[in-house]
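Structural overview
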Amino acid sequence: QMCIRDRYQRRVHGDRDEEVQWKLIRTEVFQIPSQRNLLCALTGSGMQLTSLVFILVVIGCLGVYYGADGSVKAAAWLLYSLTAIIAGYVSGRLYKYLNGPHWALNIITTAVIFPIPLFIIWFILNNLAWAYGSSAAIPFGTIVIILLMWAVVTFPLTILGGITGRMKAKDSVLDDKFSKLMKPIPVLLWYRKAPISFLIAGIIPFSAVYLQLNYIFQSIWGHRLYHLYGILLLAFVLLIIVTACVNISLIYFQLNSQDYRWWWRSFINGGAPGLFLAIYSGYYYFNNS
């Protein structure tokens with residue numbers, strides 16, 4: 001009986017110690033992340049694109065796109081300009097919460113961090129289309145209109161959102177002094193390291209929307225019109241919910257391992273499904289289109 005009782009106590013105390021491991025780093029988790037300006041700008045742009053896709057799908061559920069050629073592209077360009085205020089608001093509020101000193105640089109970074117890479121890729125592809133005489137090439141006048149829309153609408157709305165976000169931000173509990181009190185991170189098991197966490201964060205949400213992707217790619221690179229916007233809306237909401245739940249669970253396991261580097265890990269894990277979607281789209285294009 002004594003042996004059984006001792007074994008039971010060791011098991012109970014061991015389980016209890018595993019459950020409260022994250023409390024041992026309650027100070028380290030409040031450290032300010034590295035490259036906070038970049039983190040805030042990427043977070044703001046991500047929220048903008050998420051809102052953009054959600055609104056596009058909702059409009060599709062209302063039947064606006066039926067019978068109108070190019071209406072989805074036109075709506076995407078317009079909504080991207082209008083949702084810039086979301087990017088500025090989220091980025092500015094988070095940057096203020098992280099005690100960021102250069103708020104003007106944060107607004108500029110948020111405004112250009114997605115359009116510049118997109119413009120470079122689009123510029124190369126459009127020049128190739130011009131060289132081969134393709135009808136997919138965008139005329140020069142349309143390019144000027146897009147640039148003017150960014151300068152007149154998108155950029156001012158990003159500034160407005162950034163200023164509003166700074167005004168609405170709560171007082172921060174973070175401080176640079178926590179960086180001087182950091183404990184050493186223990187040796188992690190192989191299945192608790194960043195690459196495995198990234199794979200889990202990408203595979204599970206991707207599997208939830210895998211079947212719906214085939215219909216979308218058939219409408220993009222095939223000759224089939226897509227009209228299942230209601231199902232697409234459900235799949236999109238499901239993707240967001242599954243991604244959030246998986247990410248929260250992975251961050252909990254990470255903190256329970258006394259690894260307090262959670263700021264960037266949470267962002268990268270949240271974007272993992274996007275990489276899997278991009279890889280699958282390339283695979284579908286070269287094999288099925």
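Residues numbered from 1 in each chain as written. Predicted model: local features only at pLDDT ≥ 70, side-chain atom pairs only at ≥ 80, totals over all residues. Heavy atoms only, no water.

1. Observations regarding the overall build of the protein
Within the protein, the secondary structure is distributed over 11 helices and zero strands. The 289 residues of the protein split such that 32% are buried. Considering only intrachain contacts with a sequence separation of at least 6, the fraction spanning at least 24 residues in the protein is 80%. (Helix = DSSP H or I, 4+ residues; strand = E, 2+ residues; numbered from the N terminus. Buried < 20%, exposed > 50% of the residue type's maximum accessible area, 1.4 Å probe, protein only. Contact = heavy atoms within 4.5 Å.)

2. Side note on the packing of helix H8 (residues 194-208) against helix H10 (residues 229-256)
When two helices pack together, their arrangement is given by the angle between the helix axes and by the axis-to-axis distance. Between H8 and H10, the shortest axis-to-axis distance is 9 Å and the interhelical angle comes to 155°. As judged from the angle between their axes, H8 and H10 are roughly antiparallel. Crossing geometry of H8 relative to H10 is assigned as right-handed. For the pair formed by H8 and H10, the contact residues are Ser197, Ile200, Ala201, Ile204, Pro205 and Ala208 on the first element and Leu238, Leu239, Val242, Thr243, Val246 and Leu250 on the second. (Axes fitted to C-alpha atoms, helices over the stretch in contact; angles between N-to-C directions. Parallel < 35°, antiparallel > 145°, perpendicular 65-115°, else oblique. Left-handed = near helix turned anticlockwise from the far one by under 90°.)

3. A closer look at the nonpolar core
In this structure, Leu52, Leu56, Val57, Tyr65, Ala75, Leu79, Tyr80, Tyr229 and Leu232 together form the largest nonpolar core, which totals nine residues. When contributions to this core are tallied by element, the ones reaching two or more residues are helix H2 (36-61), helix H3 (71-82) and H10. Those residues within four positions of Tyr65 in sequence are excluded, and the remaining contacts are Leu56, Ile59, Gly60, Ser71, Val72, Ala75 and Tyr229. With six residues, the next largest nonpolar core counts Phe206, Leu213, Phe276 and Tyr280 among its residues. (Core = buried A, V, L, I, M, F, W, Y, C linked by side-chain atoms within 4.5 Å.)

4. Section: the side chain of Asn37
Here Asn37 lies in helix H2. Once residues lying within four places of it in the same chain are set aside, the contact partners of Asn37 are Tyr95, Leu105, Asn106 and Thr109.

5. Topic: the pattern of salt bridges
Following the criterion strictly, the structure yields two salt bridges and no others. Taking the shortest distance from any N to any O, the salt bridge between Asp259 and Arg261 comes out at 2.9 Å. Exposure remark for Arg261: the relative accessible area of 48% places this residue in the partly exposed category. Close ionic contact of Arg265 with Asp259 constitutes a salt bridge, the shortest N to O distance being 3.4 Å. Take Arg265 and Asp259: they sit in the same class, and that class is buried. Salt bridges here are not isolated pairs; linked through shared partners, they connect Asp259, Arg261 and Arg265. (Salt bridge = Lys/Arg side-chain N within 4 Å of Asp/Glu carboxyl O.)

6. Section: the packing of aromatic side chains
Tallied over the entire structure, the rule returns 16 aromatic pairs. Between Trp264 and Phe267, the ring centres sit 6.0 Å apart and the planes meet at 85°, which makes this aromatic pair edge-to-face. Separated by three residues within a single helix, Trp264 and Phe267 lie in helix H11 (residues 263-288), roughly one turn from each other. Exposure remark for Phe267: the relative accessible area of 30% places this residue in the partly exposed category. These aromatic residues form a ring-pair network of at least three members: Phe206, Tyr210, Phe217, Phe276, Tyr280, Tyr283 and Tyr284. (Phe/Tyr/Trp six-rings, centres within 6.5 Å; stacked < 30°, edge-to-face > 60°.)

7. Looking at unusual backbone geometry
We note that Asn99 has phi near 60°; this positive angle belongs to a residue other than glycine. Looking at the element boundaries, Asn99 is found in the loop between helix H4 (84-97) and helix H5 (103-112). We classify Asn99 as partly exposed; its relative accessible area is 37%.

8. Section: the confidence of the model for the protein
For the protein, the mean per-residue pLDDT works out to 82, and 84% of the residues sit at or above 70. For residues 1-16, every residue scores under 50 in pLDDT, and the model assigns this stretch zero contacts once sequence neighbours within four places are set aside. (pLDDT = per-residue confidence, 0-100.)

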